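One-letter residues, chain by chain:
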Amino acid sequence: MPVQFAAKRLGKELNKIQNGLPPGIELISADNLEEWLLDIRVLDNNPLYLNDTYRLKFRFGQSYPIEPPEVVFVKQADRPIPIHPHIYSNGIICLDLLGQQGWSPVQSVESVCMSLQSMLTGNTKNERPPGDEEFVRANKQRPKDIEFYYHDNTV
């Protein structure tokens, strides 16, 4: 039953996305209901992200949308990992919306992309999270299995 529900929901989301996305968000691939790639751009003149495009990878489990998708930034030659106090240099995002406690089934791929756009737009700090190098070196967990402590609502 959950697999059918996830497939139905993702089919509806994909149909909506293919009919148009907000400015600065573009679907790159959605060849299956397990992994999608989207690009996002920050639309204001924030100098930290001006003229850059970022690639997001969404991975959906069988319990989507009851459980959040796994969302990370993916580095490519023309797609850097954005520098932000809540984004590790390996692309893992520390955002309550993407965790069990902050996620709600009313969220969608589109709303996650818009939240990440907003998070980047409002950022003024050209820095990684504290302990980025150690975290990236030592972490062996998938993003969905990491228990982040959400304590900084200022960025």
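Residues numbered from 1 in each chain as written. Predicted model: local features only at pLDDT ≥ 70, side-chain atom pairs only at ≥ 80, totals over all residues. Heavy atoms only, no water.

An unreviewed UniProt entry lists the chain under the name UBC core domain-containing protein, from Neurospora tetrasperma.

**Here's the deal with helix H2 (residues 109-121)**
For H2, which comprises 13 residues, the first-to-last C-alpha distance of 18 Å matches the rise-based estimate of 18 Å (1.5 Å per residue) to within 8%. Of the positions making up H2, those classed as buried are Val109, Glu110, Ser111, Val112, Cys113, Leu116, Gln117, Met119 and Leu120. (Helix = DSSP H or I, 4+ residues; strand = E, 2+ residues; numbered from the N terminus. Expected span 1.5 Å × (residues − 1). Buried < 20%, exposed > 50% of the residue type's maximum accessible area, 1.4 Å probe, protein only.)

**Some words on the packing of aromatic side chains**
By the definition in use, this model includes seven aromatic pairs. Measuring from centroid to centroid gives 6.2 Å for tyrosine 54 and phenylalanine 73, while their planes differ by 85°, and the two rings are edge-to-face. You can see tyrosine 54 sitting in strand S3 (residues 53-59) and its partner phenylalanine 73 sitting in strand S4 (residues 70-74), a full 19 residues away along the chain. A relative accessible area of 1% means that tyrosine 54 is categorised as buried. Phenylalanine 73 gets classed as buried once you look at its relative accessible area, which sits at 2%. Considering the side-chain rings of phenylalanine 60 and tyrosine 64, the 5.0 Å spacing of their centres and the 65° angle between planes classify their relative orientation as edge-to-face. Tyrosine 64 shares its class with phenylalanine 60; the two are buried. Three or more aromatic residues joined by ring pairs make a cluster, and in this case those are Trp36, Phe58, Phe60, Tyr64 and Trp103. (Phe/Tyr/Trp six-rings, centres within 6.5 Å; stacked < 30°, edge-to-face > 60°.)

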